[in-house]
Amino acid sequence: MTPPPDRRTFLKTALAGGLYGLARPATSLAAGTGPAADWIQAARAEIPALQQGAYFQTGAFGPCPHRVMDRTKALLDVQNLSPAHPDNSGQLKEAETACRQLVAETFGAKPTEVAMTANTTTGLNTILWSIDWKAGDELIIGDQEHPALLLPAYNLQRRFGVGLLQGPVGRYEAVVGEVLQRLTPRTRLVAISHVSRGSGSVLPAAALARALRERGVPLLLDGAQGPGNVPVDFHAIGCDYYSLCGHKWLLGPKSTGALLVREDVLAATPVSWSGSGAQASFDNHGHSELQPDARRFEFSTRFLAGFGGWHESLRWLAGLGWEKIHARQRELSARAAELIRQQPQLELVSPDDPALRNGIVVFRLPAGFKATDVYERLHRQDHMLVSPVTEPRDLRVCLHFFNTEAELEALFARIRACCA
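Reference entry: report on the structure contained in this document. Bear in mind the structure is a predicted one, so any value in this text is a computation, not a measurement. Residue positions are counted from 1 within each chain, in the order its sequence is given. Totals for whole chains, interfaces and linings use every residue, but because this is a predicted model, local features are given only for residues with pLDDT of at least 70 and side-chain atom pairs only at 80 or more, for both listing and counting. Side-chain measures here rest on the full set of heavy atoms in the structure, leaving out hydrogens and waters.

**With respect to the overall build of the protein chain**
At step 1: Secondary structure counts use DSSP, requiring at least four H or I residues in a row for a helix and at least two E residues in a row for a strand, with both numbered from the N terminus. When helices and strands are counted, the protein chain shows 13 helices and 15 strands.
At step 2: Taking 420 residues into account, the globule formula puts the C-alpha radius of gyration at 22 Å, and the protein chain, at 22 Å, falls close to it.
At step 3: Principal-axis analysis of the C-alpha atoms places the extent of the protein chain at approximately 75 × 55 × 35 Å.
At step 4: Looking at the 420 residues of the protein chain, the share that counts as buried comes to 54%.
At step 5: Put simply, of all contacts in the protein chain between residues at least 6 apart along the chain, 71% involve residues at least 24 apart.
At step 6: On the protein chain, roughly 17,900 Å² of surface is accessible, and the fraction owed to carbon and sulfur atoms is 52%.
At step 7: Residues scored as positive are Lys and Arg, those scored as negative are Asp and Glu, and His as well as the terminal groups of each chain are ignored. Here the site of a charge means NZ on Lys, CZ on Arg, CG on Asp, or CD on Glu. Charge separation in the protein chain, taken as the distance between the mean sites of 43 positive and 42 negative side-chain charges, equals 5 Å. In this description the radius of gyration comes from C-alpha coordinates, and the expected globular size is given by 2.2 Å times residues to the power 0.38. Each residue gets one of three labels from its accessible area relative to the maximum for its type: buried under 20%, exposed over 50%, partly exposed in between, using a 1.4 Å probe on protein chains only. Contacts are residue-level and defined by heavy atoms, with any inter-residue pair within 4.5 Å sufficient. Per-residue and other accessible areas follow the Shrake-Rupley method at a 1.4 Å probe size, with only the shown protein chains counted as cover for residues.

**Quick notes on the pairing of strand β3 (residues 138–142)**
At step 1: Along β3, 5 of the 5 residues are buried, which leaves the element largely enclosed by surrounding structure.
At step 2: By the alternation rule, side chains of β3 split into Glu 138, Ile 140 and Gly 142 and Leu 139 and Ile 141, which are all buried.
At step 3: With respect to chirality, the unit in which β3 leads through helix α6 (residues 147–160) into the neighbouring parallel strand β4 (residues 163–167) is right-handed.
At step 4: Pairing between two strands requires that DSSP report at least two bridges joining them. Of the strand pairs in this sheet, β3 and strand β5 (residues 187–193) are connected by 3 bridges, and their pairing is parallel. The partner of Glu 138 across the bridge, within β5, is Thr 187. The definition of a right-handed crossover adopted here requires that, viewed with the strands pointing away, the path from the first strand over the helix to the second runs clockwise.

**Description of the nonpolar core**
At step 1: Take the buried Ala, Val, Leu, Ile, Met, Phe, Trp, Tyr and Cys residues and link them wherever side-chain atoms come within 4.5 Å; each set so joined is a nonpolar core. Counting residues in hydrophobic clusters, the biggest one holds 65 residues, and the most contacted among them are Trp 310 and Phe 401.
At step 2: It is helix α10 (residues 304–320) that provides the largest number of residues to this core, a total of 8 residues.

The quantities given are spatial measurements derived from coordinates; they are silent on function.
Shown next, in the form of structure tokens:
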């Protein structure tokens, strides 16, 4: 189908009320009417990326509010006044400490269990390489993993002869059983995504952690799509390790993240990557002692100004209200599922159970259409950012609290036109 010639007119009309019979009475938060809409509209005004088009790519990179970048830039300016001056470096260190404490408070950990990292991948590798792997040892992962976990797993397979097993994660009620039936005496670790990037499936994390602990097998969760998208309580989940990032659903700067290490497994988790900063003390004659807490996994020069910005994003989101944010994401997810059902040529891939809904909605395009082509068309012609995922016909829409129903309806109107 030839695209309509006037995109500005199309978007204006679509955002006003929807096309192709997809609109419904404007009782939504997105319509900008009524007191319930005020907090979303006020928040949207703080996020400059939302002025550039419809943003459904938070699962890749979250758009930072002005205040986050202002805080980051301010700390960079302090640092640049005299990077080696103790007063300036001290301010940067204080920003990191404050962020560590807030990460712990927000996600149900102790500050001593938090190692500040650059991203989720860093935390995953820290734990994967803490194991003294032998040929024939086994690692279990999910079947919808990001390259951040897949590539290190392949590396272990190639270098050490580690056996790699994949358990299906698409059916919530079956995940624990699928993982347990793959356990053998050679299983050294289960590493799996808390929330699947490829479907939005949420792991029954607490049940899996409990079952694995009974069998003496540690659990590492890839939390890239978790915090900010679904509620996360590290201690309630009970996993051994949880790696997360600040730059997706938490709307922080890039190069920010954290690895949560449960206190009772800290001493049994060897440090493989190390450098200046990991030590409590050392000398030049072979003596060294590691930090007594999760800081032992931190080292070298890091983006401390970014941690200050991440602290600001966490404060801002907490001020908006986490329960309100997650309720809004579920509401938008339900509306997306409804729009998908209204287009018979589309197939919902994400779980349709209301209890499992979150900000990730994945659907399958009709036969003959590629997600990459539709992504390009939406991006270039309509200023709408979505994401292809692993399956060639699967398209992912990431719905954060700031997205509007009008944007969502316009998106699916365009998808219908793209697939005509």
